[in-house]
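A closer look at the structure
Residues per chain, in single letters:
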Amino acid sequence: MAAPSSHISVRKIDAVTRIDFTDRNILDELNIHQIGEELLKCVESEFRPKVVVVFGNVEHMSSAAYGTFMKFNERVKSRDGQMRLCEMRPRVHEGFVITKLTRLFSIHDTYDAAVESFK
Amino acid sequence: MATHLPAFRCDQSLRELRTGLESVQDAVAAALAARGYDEGAMFAIRLAIEESLVNAFRHGNRGDPNKSVFFRADIDEIRAVFEVQDQGPGFDPRAIPDPTEDENLEIPSGRGVMLIKAYMTEVEFVKPGNVLRMRYAKPSAP
C-alpha cells in the first residue's frame, strides 16, 4: 500500500521497500531536508531493510541531495540493511560519476536489476 | 542570411535564494534557448547557476538576510559568461577538500564546486574568493 508523502512514494513489494520520488527536481534545501526525514522514517521500524530508491522521475538534482542519500545509506546500514539506487537518467547518473559517489552507492539500470542484486 | 540575436545581458541583485534562482534560471534558459544552446548545455548551465547561487547565499553570505548576491550574465551565440558575487569575506578555493579522495568520500557536503568545474568550460574564483566567474563555450565554438 502506498504511504502518503509529499516528496516520495513508498511501497513494500515482497521484502523490498521501493521508494520513488514524486518531484522532478531535487534542488531546494528545504525539500531535500524533508526528503531526508521521509527517507529515515521508511526504515525506522525495519530490521535488515532492503531498500531500492528509484530515480526515474528525477531530472535535476543538486549536490545538496548527495548528503541526504549518504545519511540514508548509513541509516540503512546501521540497521544491517542494504540500499540500491536505480533508473537514473544519464545526466543525474553523470553527477554521481563526476563526484565518484558510484564508489559509495550500488547503482543499477533497472528496478529489477537492483532487486536481483540483493540475492 | 542568418540573423543574429544581440547578446543577452543581465545584472541582478538577489536578496532571497529560491525566488532569485527562479527568476535567474527562467531568464537564462530563455536566452540560451533563443541562441541555439542544446539540452546538454542548458542542463550544465542550470546546474552551475544553482550550485553557485546556493554557495553564495549559504556559505558566502552565511544565510544573512541583510546581504545580497549579485548575478551577472552575458550570453551570445557562442559562449555564456556568468558572475556570482556574494557579500561575504571570501575564501580560498584550494582549501576545499577533494571530495573524491578516499578519506573524504563519505563527507556529505563539498561537491558543488566540483560539479561547476566539471560542467563549465572555465571557472575562476576572484580574490578574496567572493566572486565566481564561469564561462560555458558551445562545443562547436573555436
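The text that follows walks through the structure, step by step, so that each part is easy to find. Numbers given for residues are sequential positions, taken from 1 along each chain in its written order. Labels follow written order: the first chain is A, the first ligand is 1, and so on. In keeping with the model being predicted, local features are shown solely for residues with a pLDDT of at least 70 and side-chain atom pairs are shown and tallied solely at 80 or more, while totals for entire chains, interfaces and linings include all residues. Processing note: side-chain calculations cover all non-hydrogen atoms of the structure and skip hydrogens and water entirely.

The next thing to look at is the packing of aromatic side chains. Ring pairs shown here join Phe, Tyr and Trp side chains whose ring centres sit within 6.5 Å, with only the six-membered ring taken for Trp; geometry is labelled stacked below 30 degrees between planes, edge-to-face above 60, and tilted in between. Going through the model one piece at a time under the given rule, you end up with 10 aromatic pairs over all chains. For the pair phenylalanine 55 of chain A and phenylalanine 69 of chain A, a centre-to-centre distance of 5.3 Å together with 70° between the ring planes defines the contact as edge-to-face. Of the two residues, phenylalanine 55 of chain A sits in the loop between strand E4 (50-54) and strand E5 (60-61) while phenylalanine 69 of chain A sits in helix H2 (residues 64-78), which places them 14 residues apart along the sequence. Considered together, phenylalanine 55 of chain A and phenylalanine 69 of chain A belong to a single accessibility category, that of buried residues. Ring-pair connections join several aromatic residues into one group, and the members of that group are Phe21, Phe55, Tyr66, Phe69, Phe96 and Phe105 of chain A. Positioned above the aromatic ring of tyrosine 111 of chain A, the side-chain terminus of arginine 18 of chain A is 4.5 Å from the ring centre. The criterion for a charge sitting over a ring is simple: Lys NZ or Arg CZ within 6 Å of the ring centre, and within 35 degrees of the ring normal. When the ring centre of tyrosine 37 of chain B is taken as reference, the NZ or CZ atom of lysine 138 of chain B above it lies at 4.6 Å. Strands here are runs of E lasting at least two residues and helices are runs of H or I lasting at least four, both read from the DSSP assignment and numbered beginning at the N terminus. For every residue, the accessible area (1.4 Å probe, protein chains only) is compared with the maximum for its type, and the residue is labelled buried under 20%, exposed over 50%, or partly exposed between those bounds.

Once that is clear, we can look at the interface of chain B and chain A. Counting residues at the interface gives 22 residues for chain B, matched by 22 residues for chain A. Two parts placed together each lose some accessible area; with a 1.4 Å probe, that loss summed over both constitutes the buried area. Around 2000 Å² of area is buried between chain B and chain A when both sides are counted, 59% of it from carbon and sulfur atoms. Any Lys or Arg side-chain nitrogen located within 4 Å of an Asp or Glu carboxyl oxygen qualifies as a salt bridge. Between aspartate 28 of chain A and arginine 18 of chain B there is a salt bridge, with the nearest N and O atoms lying 2.8 Å from each other. For this analysis, a polar contact is any N or O atom pair within 3.5 Å, provided that within protein one partner can donate a hydrogen and the other can accept it, and provided that sequence-adjacent residues contribute only side-chain to side-chain pairs. Along the contact surface separating chain B from chain A lie 7 residue pairs in polar contact (both at pLDDT 80 or more). Going through the elements one at a time, helix H2 (39-60) and helix H3 (112-119) of chain B are the ones with two or more residues in the side of chain B that touches chain A. Looking at which element gives the most residues to the side of chain B that touches chain A, the answer is H2 of chain B, with 9 residues. The residue classification treats Ala, Val, Leu, Ile, Met, Phe, Trp, Tyr, Cys and Pro as nonpolar and Asp, Glu, Lys and Arg as charged. All others, Gly included, are polar. Here the side of chain B that touches chain A is composed, by residue class, of 10 nonpolar, 3 polar and 9 charged. Only heavy atoms matter for contacts: two residues are in contact if any of them lie within 4.5 Å across the pair.

What follows is about the layout of surface pockets. Grid points spaced at 1 Å and placed over the protein atoms alone form the basis of the search, with a cavity being a set where a 1.4 Å probe fits but cannot get out and a pocket an open set showing protein on both sides within 12 Å along at least five of seven lines. Lining residues have an atom within 4 Å of a point. Grid points are joined across faces, edges and corners, and a volume is the space filled by probe spheres set on the points. Within this model, the largest pocket holds a volume of roughly 970 Å³. Surrounding the largest pocket, 46 residues form its lining, Asn55, Arg58, His59, Ser109 and Gly110 of chain B being those nearest its centre. Listed by contribution, the elements that provide at least two residues to the lining of the largest pocket are helix H1 (29-42) and H2 of chain A together with H2, strand E3 (79-85), H3 and strand E5 (131-137) of chain B. Considering every element that reaches the lining of the largest pocket, the biggest residue donor is H2 of chain B, with 8 residues. In this structure, the second largest pocket occupies an estimated 330 Å³ of space. Taken together, 16 residues make up the lining of the second largest pocket; nearest its centre are His60 and Arg91 of chain A together with Glu39, Phe43 and Arg46 of chain B. If you list the elements that add at least two residues to the lining of the second largest pocket, you get helix H3 (90-98) of chain A together with helix H1 (17-34) and H2 of chain B. Split by residue class, the lining of the second largest pocket holds 8 nonpolar, 2 polar and 6 charged.

We now examine the packing of H2 of chain B against H3 of chain B. All names here are of chain B. Where H2 meets H3, the axes come as close as 9 Å, and the angle between the chain directions of the two elements is 150°. With respect to H3, the axis of H2 lies roughly antiparallel. Handedness of the H2/H3 crossing: left-handed. Across the interface between the two elements, Phe43, Ala44, Leu47, Ala48, Glu51, Ser52 and Asn55 from H2 touch Gly112, Val113, Leu115, Ile116 and Tyr119 from H3. Among the residues forming the contact of H2 with H3, the class breakdown is 8 nonpolar, 3 polar and 1 charged. Note on geometry: axes are C-alpha line fits, over the in-contact stretch for helices, and angles between N-to-C directions span 0 to 180 degrees. By definition in this entry, angles of less than 35 degrees are roughly parallel, angles greater than 145 are roughly antiparallel, angles of 65 to 115 are roughly perpendicular, and the rest are oblique. Whether a crossing is left-handed or right-handed is set by the direction in which the near helix is turned from the far one by less than a right angle, anticlockwise for left-handed and clockwise for right-handed.

Given a helix with a known number of residues, its expected span is that number minus one, times 1.5 Å. The first and last C-alpha atoms of H1 of chain A sit 20 Å apart over 14 residues, in line with the 20 Å expected at 1.5 Å per residue. A distance of 3.1 Å separates the backbone nitrogen of leucine 30 of chain A from a side-chain oxygen at the start of H1 of chain A, and that oxygen is part of aspartate 28 of chain A.

Attention shifts here to H2 of chain A. All names here are of chain A. The first and last C-alpha atoms of H2 sit 22 Å apart over 15 residues, in line with the 21 Å expected at 1.5 Å per residue. Turning to H2, its buried residues are Ala65, Tyr66, Gly67, Thr68, Phe69, Met70, Phe72, Asn73 and Val76. Following H2 by one or two positions, aspartate 80 has its phi on the positive side, about 65°.

Right, let's talk about the sheet that holds E3 of chain B for a bit. Residue and element names in this part refer to chain B. One bridge is not enough; two strands pair if DSSP finds at least two bridges between them. Taken in spatial order, the 5 strands make up an open sheet running E1-E2-E3-E5-E4, and their pairing is antiparallel. Edge positions in the sheet fall to strand E1 (8-14) and strand E4 (122-126), since each of these pairs with one other strand and no more. Adjacent strand axes in the sheet meet at a mean angle of 10°, parallel and antiparallel pairs treated alike. Sheet analysis places E1 next to strand E2 (residues 69-75), joined by 7 bridges and oriented antiparallel. Following the sheet pairing, aspartate 11 is matched in E2 by arginine 72. In the packing of H1 onto the sheet, the strands contacted are E1, E2 and E3, and the crossing angle to E1 comes to about 175°.

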